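# Breakdown of the fold
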Amino acid sequence: MKTAGVKCESDGKVMTVTIDGDIDHHSAKYIREQIDKAIFYCRPKEMIMELGEVSFMDSSGLGLILGRFTKMRELGGKLILSNPTKQTEKILSLAGIGKLIEIIRGEKASASGKAKA
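Remember, it's a predicted structure, so these values are computed and weren't measured experimentally.

Glancing now at the confidence of the model for the chain. Caution is warranted with low-pLDDT regions, since their predicted coordinates should not be read in detail. In the predicted model, the chain carries a mean pLDDT of 90, and 88% of its residues have values of at least 70. The weakest mean pLDDT in the chain belongs to strand β1 (residues 5-10) at 94; the strongest belongs to strand β4 (residues 78-82) at 98. For residues 112-117, every residue scores under 50 in pLDDT, and the model assigns this stretch nine contacts once sequence neighbours within four places are set aside.

Set out below in structure tokens:
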């Protein structure tokens with residue numbers, strides 16, 4: 001298992017959160033704290049959560065995503081999930097996340113608010 005890393009970048013309106021590694025009960029708290037700190041300071045209108053480097057995700061990851069979705073809605077913003085891996089996408093699909101949160105695929109998210117090929 002690979003310890004998760006998280007990187008938050010913002011252009012003032014759009015914040016891109018890139019998660020790398022495993023999202024499980026061991027790492028979810030750390031990731032949540034880092035993202036929430038960035039949301040507090042940046043107050044983005046849109047947050048893109050880049051999931052292309054997530055190697056494993058369990059129900060803790062679903063909780064992490066749904067919590068950030070709720071936080072962004074409370075601030076009048078939007079959460080977008082980008083490029084989930086096949087394993088992550090399966091979990092998102094089983095949980096019905098796509099009905100609540102937009103999921104984009106095949107594009108690299110950026111803090112400029114535009115997806116890059």
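Having seen it, we continue.
Per the counting criterion, the structure on display carries zero disulfides. Here Cys42 stays free of any disulfide, with the sulfur of Cys8 as its closest cysteine sulfur at 7.7 Å. A relative accessible area of 31% places Cys42 in the partly exposed class.

Here we take up the pairing of β4. For β4, the buried fraction is high: four of the five residues fall into the buried class. Alignment of strand β3 (residues 46-57) against β4, held across five bridges, turns out to be parallel. Bridged to Ile48 within β4 is Ile80. Note that the unit made of β3, helix α2 (residues 59-74) and β4 has a crossover that is right-handed. What joins β4 to strand β5 (residues 102-104) is helix α3 (residues 86-95), and the crossover it makes is right-handed.

We note that Arg43 has phi near 45 degrees; this positive angle belongs to a residue other than glycine. Looking at the element boundaries, Arg43 is found in the loop between α1 (28-42) and β3. Judged by relative accessible area, Arg43 falls into the partly exposed class, the value being 45%. Look at Asn83: it is not a glycine, yet its phi comes out positive at around 50 degrees. Structurally, Asn83 is set in the loop between β4 and α3. Residue classification places Asn83 among the buried positions, given a relative accessible area of 16%.

Definitions and cut-offs
- Residues numbered from 1 in each chain as written.
- Predicted model: local features only at pLDDT ≥ 70, side-chain atom pairs only at ≥ 80, totals over all residues.
- Heavy atoms only, no water.
- pLDDT = per-residue confidence, 0-100.
- Helix = DSSP H or I, 4+ residues; strand = E, 2+ residues; numbered from the N terminus.
- Contact = heavy atoms within 4.5 Å.
- Disulfide = S-S within 2.5 Å.
- Buried < 20%, exposed > 50% of the residue type's maximum accessible area, 1.4 Å probe, protein only.
- Pairing = 2+ DSSP bridges.
- Right-handed = clockwise from strand over helix to strand, strands pointing away.

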